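Examining the three-dimensional arrangement
Each chain is listed here by its residues.
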Amino acid sequence: MNKKKKPFLGMPAPLGYVPGLGRGATGFTTRSDIGPARDANDPVDDRHAPPGKRTVGDQMKKNQTADDDDEDLNDTNYDEFNGYAGSLFSSGPYEKDDEEADAIYAALDKRMDERRKERREQREKEEIEKYRMERPKIQQQFSDLKRKLAEVTEEEWLSIPEVGDARNKRQRNPRYEKLTPVPDSFFAKHLQSGENHTSVDPRQTQFGGLNTPYPGGLNTPYPGGMTPGLMTPGTGELDMRKIGQARNTLMDMRLSQVSDSVSGQTVVDPKGYLTDLNSMIPTHGGDINDIKKARLLLKSVRETNPHHPPAWIASARLEEVTGKLQVARNLIMKGTEMCPKVRLALSDRASLSAVLKERVFHLNEDVWLEAARLQPGDTAKNAFAPPALEHVPNSVRLWKAAVELEEPEDARIMLSRAVECCPTSVELWLALARLETYENARKVLNKARENIPTDRHIWITAAKLEEANGNTQMVEKIIDRAITSLRANGVEINREQWIQDAEECDKAGSVATCQAIMRAVIGIGIEEEDRKHTWMEDADSCVAHNALECARAIYAYALQVFPSKKSVWLRAAYFEKNHGTRESLEALLQRAVAHCPKAEVLWLMGAKSKWLAGDVPAARSILALAFQANPNSEEIWLAAVKLESENNEYERARRLLAKARSSAPTARVFMKSVKLEWVLGNIAAAQELCEEALKHYEDFPKLWMMKGQIEEQKELVDKAREAYNQGLKKCPHSIPLWLLLSRLEEKVGQLTRARAILEKSRLKNPKNPDLWLESVRLEYRAGLKNIANTLMAKALQECPNSGILWSEAIFLEARPQRKTKSVDALKKCEHDPHVLLAVAKLFWSERKITKAREWFHRTVKIDSDLGDAWAFFYKFELQHGTEEQQEEVRKRCENAEPRHGELWCDVSKDIENWQKKIGEILVLVAAKLKNTF
């Protein structure tokens, strides 16, 4: 009967299948399952097993211990959150599903870690900073003292007492070893006793070995072992007698060198003898054996590679150091023969003359130049210049050196010969052109262009020559022809090089040439859309290099290309204002308003220029033209009002403001109307105008401020407080309103209310440094310095990059810690003018005048609009500067026209100072400053 074949036969067993597991047949084992039976003391199969693993028993103990360690389920190994330290299932098989689960959990952990990474790192960083702030390192605590070590002078350093000697008396005062000369007989005796023999005398053996019947042992009467004297020659030992003879011989030789025979007698000069002996002492201070070794090594190098110049130089240096100058000179001469192309540096004229006699050096210009340097002027001109130029006629360096030795007329003749020998040298051609007359110089430059058609300097020199002789109309043609000719000869026009040449022409006074160069090359190699930006950068670069005519030429060319660009006209106007004359500025502004009539700022600049020059009618006419071009313009209305009020035409100013309020009403027009009536003393009219303005512009904070200040001036505190509160309801983000209200409460003695107002303002305007600063100063003025320091720490945490807070924090510290605080401030706010001003005041307080002046310069350079910096600078110069320095600061301040600054605004916005000029305000602010820092 054919049985049907089972489908699973011949197929691989499923994963995890154990035969007989289903019927419970898993309880038997065979020898093949557990391996052969072995005794515990049997060695293992690995012959190189380490100690402790060389027997079967050791291996079984280790496996049992590992199993115990893997399954350590003790309570001490259990954690409530993590569980057991090890895995409970580490002994089980690690299968694919375990691997997949571990991969999923690892991906989840990585994902969660990435989500919290930034927050965790930020929190760790803040915790570290907080920890460092609360527990600073000892290094940080003493950082200011370590910085002061740089100020310790050498005398103060040397005056520091030495550390005491902690050694005992015997170590401090050692007993010096006493040396006593030993007589020669002592050496002879010990040399005899220490003699060794390597063979036995046959005469000694015939008497029974070493024991001879003669007394004295080895010392027999027969000759052989010992000879008269100390030792036999040839033993290599010390012979004291011969040393004495050699010493006497050497002394005789030295005496014979310095002796002189006069009428049969020998006369020796003692002083000369001693001097000669001193001259024989080697000066190198080295060992003679080392010198011999060095001499042998250098000799080997010279013989191995005789064309190696350093070997000859080192050999000559060695002989020079040992005092053998003639040997050194001979080595150098031989070295020049073996290495003729090496530049020489001989300091001996005789040696140099000998070198020049060798024909191999006739073509070396370095040798001739060295010869000219070593000789006096006339000698060099007569002895070395003619033969040098005869042997090396095409050397530009030799021709230049020879020309420098001649008078102008002879130099011109020599340069004529030089350009024939060196027709490709631009320097020689230009030097000859400078020495020639105008007509001859033109001929020379034409020849130079023929010989060197690829050099731009010849063309530029020709243009400068024409300009110097009044032919300015030729300058433009020459530069244009230069560009064309150079391009025809394959020369690439490098724009940067030509601009540098133009700057050099500007500094040399060749204005027409520099402007022609700028017009010719300014547009080369620039994309059309980049022209304006690139040209403005070029103009700024020229101004930085003090090449003003080049910058003026760039602006002129840019205005030709962009005649309707307001920004270009404005930058050109500011350039003329800072570096030009009033006439040039007014001429430029006339052209500017003709091309850009809608640009209000250009009209205002022109009117202000006329007004500052004292020409008020011209300023009025300019503003009238501006009204025609820009009807109902707020800026022009206010400028006209300011012009009239500054010239005491108050009625005309009132009429202008009334007309402006009716035709072009704005918040600023109303504000200026209120201020005009206020400063003129018409308080009722000012209040009426202010109320009218607030009906239309209740969200304009300056109107509320003026209303409150007028009430405060009339000493109506309640009305002033009401005005400020109403203003804050309409303008809760106006910082000056909050400050005015807080100061009003502080003024009437309501410190708690002022503090509450500032806290409320900080809630509505977070991260505002002005509010934090006022809070700190409020506590400081109240005498609560600890609270002020706490508030400052909070302020710096909320506004870490605020310069005004850091500048205040510097002077809240005690004097020893101010320098450290200033370093921290500079790290946070490196370019903030308030921090720079605080550092300058810090140096001022330490009487470091030079450093303080340098930091004041930095401050006003970074922010020229900060009036407080100018006031402190002027006060500093009043105390420590000269009258010239004080005048310079005042003029710079007037040119800068600062408008901001806490102290500056307190004075400039005071109604009593409304007609003061910038210089007068500067003096008033400086007078209010006190050196309390």
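Everything below is about the structure shown above.
Residues numbered from 1 in each chain as written. Predicted model: local features only at pLDDT ≥ 70, side-chain atom pairs only at ≥ 80, totals over all residues. Heavy atoms only, no water.

Thoughts on the overall build of the chain
Here is the rule: We count a stretch as a helix when DSSP gives it H or I for four or more residues in a row; a strand needs E for two or more, and each element gets its number in order from the N terminus. Summary of the burial criterion: residues with accessible area below 20% of their type's maximum are buried, those above 50% are exposed, and those between are partly exposed, where the area comes from a 1.4 Å probe applied to protein chains only. In this analysis, two residues are considered to be in contact whenever any of their non-hydrogen atoms come within 4.5 Å of each other. All accessible-area figures derive from a Shrake-Rupley calculation using a 1.4 Å probe, and residue coverage is judged against the displayed protein chains alone.
Assigned secondary structure in the chain consists of 49 helices and four strands. Residues classed as buried in the chain amount to 33% of the 933 residues present. In the chain, the share of contacts with a sequence separation of at least 24, taken over all contacts with a separation of at least 6, comes to 48%. Here the chain displays about 61,000 Å² of accessible surface, and carbon together with sulfur accounts for 52% of that area.

Considerations on a positive patch on the surface
Rules: By definition, no residue in a patch forms a salt bridge, and every one has over 30% relative accessible area; like charges are joined within 9 Å, nonpolar side chains (Val, Leu, Ile, Met, Phe, Trp, Tyr) within 5 Å. Salt bridge, as applied in this entry: a Lys or Arg side-chain nitrogen positioned within 4 Å of an Asp or Glu carboxyl oxygen. In this charge count, Lys and Arg are treated as positive and Asp and Glu as negative; neither His nor the chain ends contribute. Taken as the charge centre is NZ of Lys, CZ of Arg, CG of Asp or CD of Glu, depending on the residue.
Where like charges cluster on the molecular surface, the positive patch consists of Lys642, Lys672, Lys675, Lys702, Arg899, Lys909 and Lys917. By relative accessible area, Lys642 is classed as partly exposed at 43%.

Quick look at the layout of surface pockets
To keep things clear, this is the line we draw: Points on a 1 Å grid, built from protein atoms alone, make a cavity when a 1.4 Å probe fits but cannot get out and make a pocket when they are open with protein on both sides within 12 Å along at least 5 of 7 lines; residues with an atom within 4 Å of a point are the lining residues. Grid points are joined across faces, edges and corners, and a volume is the space filled by probe spheres set on the points.
A volume near 1,500 Å³ is recorded for the second largest pocket. Around the second largest pocket, the lining is made up of 32 residues, and of these Glu129, Met133, Trp806, Lys821 and Asp824 lie nearest the centre. Breaking the lining of the second largest pocket down by element, the ones donating at least two residues are helix 3 (96-134), helix 4 (138-141), helix 5 (143-148), helix 41 (785-798), helix 42 (803-812) and helix 43 (818-828).

Topic: the packing of aromatic side chains
Rule in force here: What counts as a ring pair is set by centres within 6.5 Å for rings of Phe, Tyr and Trp (its six-membered ring), and what kind of pair is set by the plane angle: stacked under 30 degrees, edge-to-face over 60, tilted for all other angles.
In total, this model carries ten aromatic pairs according to the counting rule given. Here the aromatic rings of Phe670 and Tyr697 are separated by 5.9 Å at their centres, their planes lie at 50°, and the arrangement is tilted. Residue Phe670 is located in helix 34 (residues 667-679), and its partner Tyr697 is located in the loop between helix 35 (683-696) and helix 36 (701-713); the two are separated by 27 residues in the primary sequence. With a relative accessible area of 5%, Phe670 lands in the buried category. Assessed through its relative accessible area of 21%, Tyr697 is described here as partly exposed. Here the aromatic rings of Trp844 and Phe876 are separated by 5.5 Å at their centres, their planes lie at 85°, and the arrangement is edge-to-face. Linking Trp844 in helix 44 (residues 833-845) with Phe876 in helix 46 (residues 867-880), this pair joins segments that are 32 residues apart in sequence. With respect to burial, Trp844 and Phe876 carry one shared label: buried. Counting every residue linked through ring pairs, the aromatic cluster contains Trp844, Phe856, Phe873 and Phe876.

Considerations on empty space enclosed by the protein
This is how the line gets drawn: Gly counts as polar in this scheme, as do all residues outside two lists: the nonpolar Ala, Val, Leu, Ile, Met, Phe, Trp, Tyr, Cys and Pro, and the charged Asp, Glu, Lys and Arg.
Within the structure shown, the criterion is met by two cavities of 30 Å³ or more. Approximately 30 Å³ is the volume found for the second largest cavity. Going through the elements one at a time, helix 35 and helix 36 are the ones with two or more residues in the lining of the second largest cavity. Of the residues belonging to the lining of the second largest cavity, the class tally is two nonpolar, one polar and three charged.

Regarding the packing of helix 39 (residues 751-764) against helix 40 (residues 769-781)
Packed helices, taken two at a time, are described by their axes: the angle between them and the distance between them. Put simply, the rule reads: Helix axes are fitted to C-alpha atoms over the stretch in contact, other axes to C-alpha atoms as well, and angles between N-to-C directions run from 0 to 180 degrees. Working rule for angles: under 35 degrees goes down as roughly parallel, over 145 as roughly antiparallel, 65 to 115 as roughly perpendicular, anything else as oblique. Note on convention: the crossing is left-handed when the near helix lies turned anticlockwise from the far helix by less than a right angle, right-handed when the turn is clockwise.
Direction vectors running N to C along helix 39 and helix 40 enclose 160°, while the axes themselves pass 10 Å from each other. In terms of orientation, helix 39 and helix 40 fall into the roughly antiparallel class. Both helix 39 and helix 40 take part in a crossing whose hand is left-handed. For the pair formed by helix 39 and helix 40, the contact residues are Leu751, Ala754, Arg755, Leu758, Ser761 and Arg762 on the first element and Leu771, Trp772, Glu774, Ser775, Leu778 and Glu779 on the second. Classifying every residue of the contact of helix 39 with helix 40 by side-chain character gives six nonpolar, two polar and four charged.

A few points about the packing of helix 42 against helix 43
At their nearest, the axes of helix 42 and helix 43 sit 8 Å apart, and the two run at 170° to each other. Classed by the angle they form, the pair helix 42 and helix 43 counts as roughly antiparallel. Of helix 43, the residues touching helix 42 (which contributes Trp806, Ala809, Ile810 and Phe811) are Arg818, Lys821, Ser822, Asp824, Ala825 and Lys828. Residues belonging to the contact of helix 42 with helix 43 are distributed by class as follows: five nonpolar, one polar and four charged.

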